[in-house]
Amino acid sequence: MKNWPMALIICATISASVVFAPQSSARRTYFTPEQKQQLQKAQTVYVNALALTEKGRTDPGQLQRLVSQRLQEIGFSVTADRTQVHDVEFKVKCEERKTWTGTTAAGGDAELPDAPARLWKGPACLLTYMLDGKNLGWYKEVRTSFQDAMQAAKEAGDKNAGSYALTKLAKRLEQYDFPVLLAAEWGQPDRLTNLLDTPDTPKIRKLFILSTLSAIKAEAALPHLTKLMRDKDLAQEAVEALTGVGEDSIPFLTDLFQSSTQPQIQAAAAKALGDVAGSSGNPAAIPPLLEYLKTALKNFNSSADINFPVLTEVVWSLGKLRDEDSLEPMDELNQKVWLIRDNSKEMAALREAANWTYKQLDLDGHVS
């Protein structure tokens, strides 16, 4: 990954209309090296589906087929026979009225939108998996939009509340991208990058995959993310996802930051550089950011001279990196932003960033 291509020409990005909740990096149960290796190599999944109504168990065939099909779509082999050789058991328990009352620790995964909700008593499906008969603490839950299945079925003209609830839950399982989450959970990013390279993969799913890859810090995703820079609808999200790859992404982000003509992309690259370098301690991001600031200061007489989105992110990033060479130009910027008469939101944001960054850089002076 040492030889990087010149930055790709990027078109304008869209404003994302869907916001994906970030996947928590909190680990419920720490994997042993053996478990980690088993999950990374997992290929055959035994799907164990259970369907419950207020009248008791009912045929889980619809759920079994749906879950199996979705796992097969990303390359897993699936069996419904427990006696067949399998690597992982994936359990799906769908109920007309939720009865699962297990405890989930506060914080981390427990606060995600798809975590089991303690107070929900309506229709729900609990998803989890077992490795060698051991539950590793991965819990996801999908719920219907209604809590009272009987009332909802009555309003829909359906006399069978249990069947109505399970049908609606099946629809939710069609929409919920648990296969992507499982591939990430099991350390198999190649399955996800294959989806990114597939033309038929909907863009909204690609956005979710990008978010997931970023959360698990998948270095294998880097070449695929750089390809996505060609897609004007995914370019900014791809840059943001590169943050999760780690310091291997710094050369590409630097090249992108210096070459892009799109302010949104350049700003996203500047932010990513600050995040990556700040967390890894790699100083390679400092020179291009500092060079941009010094160049901007040479022609800084009015608001028209300022590329607000880019400069603001550059300033925030320099504050995260805390390099002493940034102190003098930041002192100059911190004075100049107050000499320009501008009460816009953009100027207010730049002033806030400049003030915070200067304080970070001059911390020793403040302490003394």
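Coordinates for the structure precede this section.
Report on the accompanying structure.

Quick word on the pairing of strand E4 (residues 88-95)
- Buried residues dominate E4, accounting for six of its eight residues.
- Sheet analysis places strand E1 (residues 44-53) next to E4, joined by eight bridges and oriented parallel. Directly across from tyrosine 46, in E4, lies its bridge partner glutamate 89.
- The pairing of E4 with strand E5 (residues 124-131) spans seven bridges and is classified as antiparallel. Pairing of lysine 91 across the sheet is with threonine 128, part of E5.

Structural notes on the state of the cysteines
- In the structure shown here, the tally under the stated rule is one disulfide.
- Paired by a disulfide, cysteine 94 and cysteine 125 hold their sulfur atoms 2.0 Å apart. When the S-S torsion is 110°, as for the bridge of cysteine 94 with cysteine 125, the disulfide is right-handed. Here cysteine 125 lies in strand E5 and cysteine 94 lies in strand E4, a separation of 31 residues in the sequence. Note on accessibility: cysteine 94 and cysteine 125 belong to one class, buried.

Points about the environment of cysteine 94
- Given the relative accessible area of 0%, cysteine 94 is considered buried.
- Sequence separation between cysteine 94 and threonine 53 is 41 residues, and the spatial gap between their C-alpha atoms is 8.6 Å.
- Excluding anything up to four places from it in sequence, cysteine 94 contacts Leu50, Ala51, Leu52, Leu63, Ala124, Cys125, Leu166, Leu169 and Leu173.

Notes on unusual backbone geometry
- We note that aspartate 132 has phi near 55°; this positive angle belongs to a residue other than glycine.
- Along the chain, aspartate 132 falls in the loop between E5 and strand E6 (134-135).
- A positive phi angle is found at arginine 322, which is not glycine, with a value near 55°.

A look at the nonpolar core
- Grouped together as the largest cluster of nonpolar side chains are 42 residues, with contacts concentrated most on Leu71, Phe90, Tyr129, Leu173, Phe178 and Trp186.
- Going through the elements one at a time, E1, helix H2 (61-73), E4, E5, helix H4 (161-175), helix H5 (178-185), helix H6 (189-197) and helix H7 (203-215) are the ones with two or more residues in this core.
- For this core, the element with the highest residue contribution is H5, accounting for six residues.
- In contact with leucine 173, not counting residues within four places along its chain, are Leu63, Leu66, Val67, Arg70, Val92, Cys94, Cys125, Leu127, Val142 and Phe178.
- Phe257, Ile286, Met330 and Met347 belong to the second largest nonpolar core, which has 40 residues in total.

Some words on the packing of aromatic side chains
- Considering all chains together, one arrives at eight aromatic pairs under this definition.
- Pairing phenylalanine 90 with phenylalanine 178 gives two aromatic rings, centres 5.6 Å apart and planes at 15°, and the pair type is stacked. One end of the pair, phenylalanine 90, is in strand E4; the other, phenylalanine 178, is in helix H5, with 88 residues separating them in the sequence. For the residue pair phenylalanine 90 and phenylalanine 178, the accessibility class agrees, reading buried in each case.
- Aromatic side chains phenylalanine 257 and tyrosine 292 sit 5.7 Å apart centroid to centroid with 55° between the ring planes, which places their arrangement in the tilted category. Taken as a pair, phenylalanine 257 in helix H10 (residues 250-259) and tyrosine 292 in helix H12 (residues 286-298) lie far apart in primary sequence, 35 residues in all.
- The buried category is assigned to phenylalanine 257, whose relative accessible area is 2%.

A short note on the pairing of E5
- Most of E5 is tucked away, with eight of its eight residues classed as buried.
- Of the two faces of E5, the one lined by Ala124, Leu126, Thr128 and Met130 and the one lined by Cys125, Leu127, Tyr129 and Leu131 are each fully buried.
- With four bridges joining them, E5 and strand E7 (residues 140-143) adopt antiparallel strand pairing. Looking at the pairing, cysteine 125 lines up with valine 142 of E7.
- Summarising the sheet, E5 and E6 pair through two bridges and their orientation is antiparallel. When the sheet's bridge partners are listed, leucine 131 is paired in E6 with lysine 134.
- What sits between E5 and E6 in their antiparallel hairpin is a turn of two residues, with aspartate 132 showing a positive phi close to 55°.

Focus on the pattern of salt bridges
- For the structure on display, the rule yields nine salt bridges.
- Among the ionic pairs, arginine 82 bridges to glutamate 89, the shortest N-O distance being 3.8 Å.
- Judged by its relative accessible area of 48%, arginine 82 falls in the partly exposed class.
- Here glutamate 141 ties to arginine 143 by a salt bridge, and the two come within 2.6 Å at their closest N and O atoms.
- Put simply, Arg70, Asp177 and Arg205 are held in one network by salt bridges that share partners.

Regarding the side chain of glutamine 35
- Among the secondary structure elements, glutamine 35 is positioned in helix H1 (residues 33-41).
- Overall, glutamine 35 belongs to the buried group, its relative accessible area being 10%.
- There is a polar contact of 3.0 Å between the side chain of glutamine 35 and the backbone nitrogen of threonine 32.
- For glutamine 35, the residues in contact, after removing those within four places along its chain, are Tyr30, Leu131, Lys134 and Leu136.

Calculation notes
- Residues numbered from 1 in each chain as written.
- Predicted model: local features only at pLDDT ≥ 70, side-chain atom pairs only at ≥ 80, totals over all residues.
- Heavy atoms only, no water.
- Buried < 20%, exposed > 50% of the residue type's maximum accessible area, 1.4 Å probe, protein only.
- Helix = DSSP H or I, 4+ residues; strand = E, 2+ residues; numbered from the N terminus.
- Pairing = 2+ DSSP bridges.
- Disulfide = S-S within 2.5 Å.
- Contact = heavy atoms within 4.5 Å.
- Core = buried A, V, L, I, M, F, W, Y, C linked by side-chain atoms within 4.5 Å.
- Phe/Tyr/Trp six-rings, centres within 6.5 Å; stacked < 30°, edge-to-face > 60°.
- Salt bridge = Lys/Arg side-chain N within 4 Å of Asp/Glu carboxyl O.
- Polar contact = N/O pair within 3.5 Å; in protein donor to acceptor, adjacent residues only side chain to side chain.

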